[in-house]
Amino acid sequence: MTKIAFFDTKEYDKKWFDKYVSDDEEITYFESRLKTRNAQVCQGFDVVIAFVNDELNADTIDAIADMGVKMIALRSAGFNNVDIKEATKKNIIVARVPAYSPYAVAEHATALLLASVRKLHHSYVRTREFNFSLNGLVGFDLHGKTMGIVGTGKIGCIFIDICKGFGMKVIAYDPYPKADLDCEYVSFEELCKSSDMISFHCPLTKENKHMVNDESIKNMKDGVVLINTSRGALVKSSALLKGLRSKKIGAAGLDVYEEEAGLFFEDKSNAILDHENEILTLLIAMPNVIVTSHQAFLTEEALQKIADTTLNNIRDFVNGREVVNRVQHD
Ligand code: NAI
């Protein structure tokens, strides 16, 4: 029997893991996130299933290794929260789910775009109050407008097809352009100058942190719409707030936020947010900003794939096969 400890459990995770778990596996679900201070609960487990906000630093890894854990199976693509070097030192295998549903994310970006441009968030609230006035709801046609796409990987390419379906002109920036992509590549500077809307679909790296800053915003068209379903820190939040206040930026649809850890995925409706979250509070209060809490991946198809791949990673390890989705220290 493979004994598995599952952390940061949400009901939507449990549904799919319960469906795919086999008779040779026993999952114990913990609602808490895994941290150094609660690592002792891993005693007696062979495998830990963790998510993006579990704290798998060197101290946690040392502690769980001492308790006999042999594998960390991440149910995410990203692994920046795991000290891979320490895991290798302690002979703990780390695996991840490299891709789940690029359609889920591209379609959520489209939802944010349409809701922002056609002010659906306002209409929804108004008609619930039987206010059928149209004042203040004027949008614009997407057809014929220019969409700038940053990052033309799996998600970016699907989003390009969707935008073309709307009759938009699409331009893109990617330091590693695809030879066969039917789309004009331009520099990021040119993309900022020429786009009515910009959508981000690239990973966060040291080089592109805060690529949306005072300087690049100055370069953008007046009234530009920004959509970010990628990583929060691509956008310097104080610059975004300034751009919205000056009306340089017409609207923003954000699924990710620079300092989302500890907030997104949690119910904070009864909490009073402290000064560290002031910019987010001000952004959420703006009529032309829509924030979703890192929800773009959240479809049945993606959750199914996450459960299936995570459990198959564990089975590869337990049965002595090569763990194809293993993350190695370089
Ligand atoms: P991918 O690896 O298929 O494509 C990424 C693309 O970005 C590649 O073409 C790469 O050349 C390009 N790129 C790398 N550095 C760049 C830079 N500095 N500027 C512009 N382009 C750059 O990745 P995929 O699957 O398309 O995912 C894209 C991003 O979407 C992920 O890195 C992640 O941050 C985000 N994501 C968000 C989710 C959500 O729920 N909001 C879920 C899954 C992914």
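1. Observations concerning the sheet that holds strand E10 (residues 224-228)
Point 1. Taking strand neighbours across the sheet as the criterion, the seven strands line up as E8-E7-E6-E9-E10-E11-E12 in an open arrangement whose pairing is parallel. Looking along the sheet, the strands with just one partner apiece sit at the ends: strand E8 (184-185) and strand E12 (289-291).
Point 2. As paired elements, E10 and strand E11 (residues 249-254) share five bridges and run parallel to each other. Within the sheet, the bridge partner assigned to Asn228 lies in E11 and is Leu254.
Point 3. Helix H4 (residues 102-118) contacts strand E6 (146-150), strand E9 (197-200), E10, E11 and E12 of the sheet and is inclined by roughly 150° relative to E10.
Point 4. Sheet strands touched by helix H9 (residues 237-245): E10, E11 and E12. Its angle to E11, the strand with the most contacts, is close to 140°.

2. A closer look at unusual backbone geometry
Point 1. Phi angles above zero are rare outside glycine, and Asn91 is one such case at about 60°.
Point 2. Note on placement: Asn91 falls in the loop between helix H3 (84-89) and strand E5 (93-95).
Point 3. The exposure class of Asn91 is exposed, given its relative accessible area of 67%.

3. A word on H4
Each turn of an α-helix holds 3.6 residues, which means side chains three or four residues apart point in the same direction.
Point 1. Compared with the 24 Å implied by 1.5 Å per residue over 17 residues, the 24 Å span of H4 between its first and last C-alpha is a close match.
Point 2. With 12 of its 17 residues buried, H4 lies for the most part within the structure.
Point 3. By the burial criterion, the buried members of H4 are Pro102, Ala104, Val105, Ala106, His108, Ala109, Thr110, Leu112, Leu113, Ala115, Ser116 and Val117.
Point 4. Of the residues one or two after H4, Lys119 is the one with positive phi, at around 55°.

4. Observations concerning the site of the ligand
Point 1. Around the ligand sit 23 residues, and of these Lys154, Ile155, Asp174, Thr229 and Asp255 come closest.
Point 2. Lys154 places a polar main-chain atom, nitrogen or oxygen, 2.9 Å from an oxygen atom of the ligand.
Point 3. In this structure, Asp255 approaches the ligand through a side-chain N or O atom, which is 3.0 Å from a nitrogen atom.
Point 4. Contact with the protein chains covers 82% of the free accessible surface of the ligand, which is 870 Å².
Point 5. In terms of residue class, the shell around the ligand is made up of 11 nonpolar, eight polar and four charged.

5. Observations regarding the pattern of salt bridges
Point 1. A full pass over the atoms with the stated rule returns 15 salt bridges.
Point 2. With a closest N to O distance of 3.4 Å, Arg75 and Asp13 form a salt bridge. Taken together, the positions of Arg75 in the loop between strand E4 (71-74) and H3 and Asp13 in helix H1 (residues 11-20) put the pair 62 residues apart, joining distant regions of the chain.
Point 3. Residue Arg75 is classed as buried on the basis of its relative accessible area, which comes to 1%.

6. Some remarks on the side chain of Asp54
Point 1. Structurally, the position occupied by Asp54 is in the loop between strand E3 (47-50) and helix H2 (58-66).
Point 2. Here Asp54 is buried and forms no salt bridge, its nearest opposite-charge partner Arg75 lying at an N-O distance of 4.7 Å.
Point 3. Among the polar contacts made by the side chain of Asp54, one reaches the main-chain amide nitrogen of Phe51 at a distance of 2.6 Å.
Point 4. Those residues in contact with Asp54 that sit more than four places away from it in its chain are Phe7, Asp8, Arg33, Leu34 and Asn81.

7. Quick notes on the domain arrangement of the protein
Point 1. Domain annotation of the protein identifies domain 1 (2-100 + 300-318) and domain 2 (102-291).
Point 2. Averaged C-alpha coordinates put domain 1 and domain 2 at centres separated by 32 Å.
Point 3. Contact residues are listed per partner, giving nine residues for domain 1 and seven residues for domain 2.
Point 4. Where domain 1 abuts domain 2, roughly 560 Å² becomes buried across the two surfaces, and 58% of that area is made up of carbon and sulfur atoms.
Point 5. The largest per-residue losses of area from domain 1 upon contact with domain 2 belong to Lys10, Arg33 and Asn53, which jointly make up 47% of the total buried on that side.
Point 6. Where domain 1 meets domain 2, there are one salt bridge.
Point 7. In this structure, the connection of domain 1 to domain 2 is made through zero residue pairs in polar contact (both at pLDDT 80 or more).
Point 8. The residue inventory of the side of domain 1 that touches domain 2, partitioned by class, reads five nonpolar, one polar and three charged.

8. Re the side chain of Arg315
Point 1. Here Arg315 is to be found in helix H11 (residues 300-318).
Point 2. One polar contact links Arg315 to Glu25, side chain to side chain, over a distance of 2.7 Å.
Point 3. In this view, Arg315 contacts Tyr20, Val21, Ser22, Glu25 and Arg321; residues no more than four positions away in its chain are not counted.

Definitions and cut-offs
Per chain, the residues get numbers from 1 upward, laid out in the order the sequence is written. Local features in this predicted model are restricted to residues whose pLDDT is 70 or higher, and side-chain atom pairs enter the listing and the counts only when it is 80 or higher, whereas totals over whole chains, interfaces and linings include all residues. Side-chain metrics rest on all non-hydrogen atoms present in the structure, leaving aside hydrogens and water. Paired strands, as defined in this entry, are two strands with at least two bridges between them according to DSSP. To qualify as a helix, a DSSP run of H or I must reach at least 4 residues; to qualify as a strand, a run of E must reach at least 2; elements of each kind are numbered from the N terminus. Here a residue-residue contact requires only that any non-hydrogen atoms of the pair lie within 4.5 Å. Under this scheme, a helix contributes an axis fitted over its contacting stretch, all axes are lines through C-alpha atoms, and angles between N-to-C directions fall in the 0 to 180 degree range. Between buried and exposed lies partly exposed: a residue is buried under 20% and exposed over 50% of the maximum accessible area for its type, with that area taken using a 1.4 Å probe on protein chains only. Here the expected span of a helix is defined as 1.5 Å times the quantity of residues minus one. Only a single heavy atom is needed: when it lies within 4 Å of a molecule or strand, its residue is near that molecule or strand. Throughout this description, a polar contact denotes any pair of N or O atoms lying within 3.5 Å of each other; where both atoms belong to protein, one of them has to be capable of donating a hydrogen while the other can accept it, and for residues adjacent in sequence the pair is counted only when both atoms sit in side chains. Note that accessible areas follow from Shrake-Rupley with a 1.4 Å probe, and for residues the cover is restricted to the protein chains shown. Residue type decides the class: Asp, Glu, Lys and Arg count as charged, Ala, Val, Leu, Ile, Met, Phe, Trp, Tyr, Cys and Pro as nonpolar, and the leftover types, Gly among them, as polar. Salt bridges are counted wherever a side-chain nitrogen of Lys or Arg sits within 4 Å of a carboxyl oxygen of Asp or Glu. Neither His nor the chain termini are counted; the positive set is Lys and Arg, and the negative set is Asp and Glu. Throughout the structure description, domain borders are defined by an automatic or database domain assignment. When two components associate, each loses some accessible surface as probed by a 1.4 Å sphere; the sum of these losses over both components is called the buried area.

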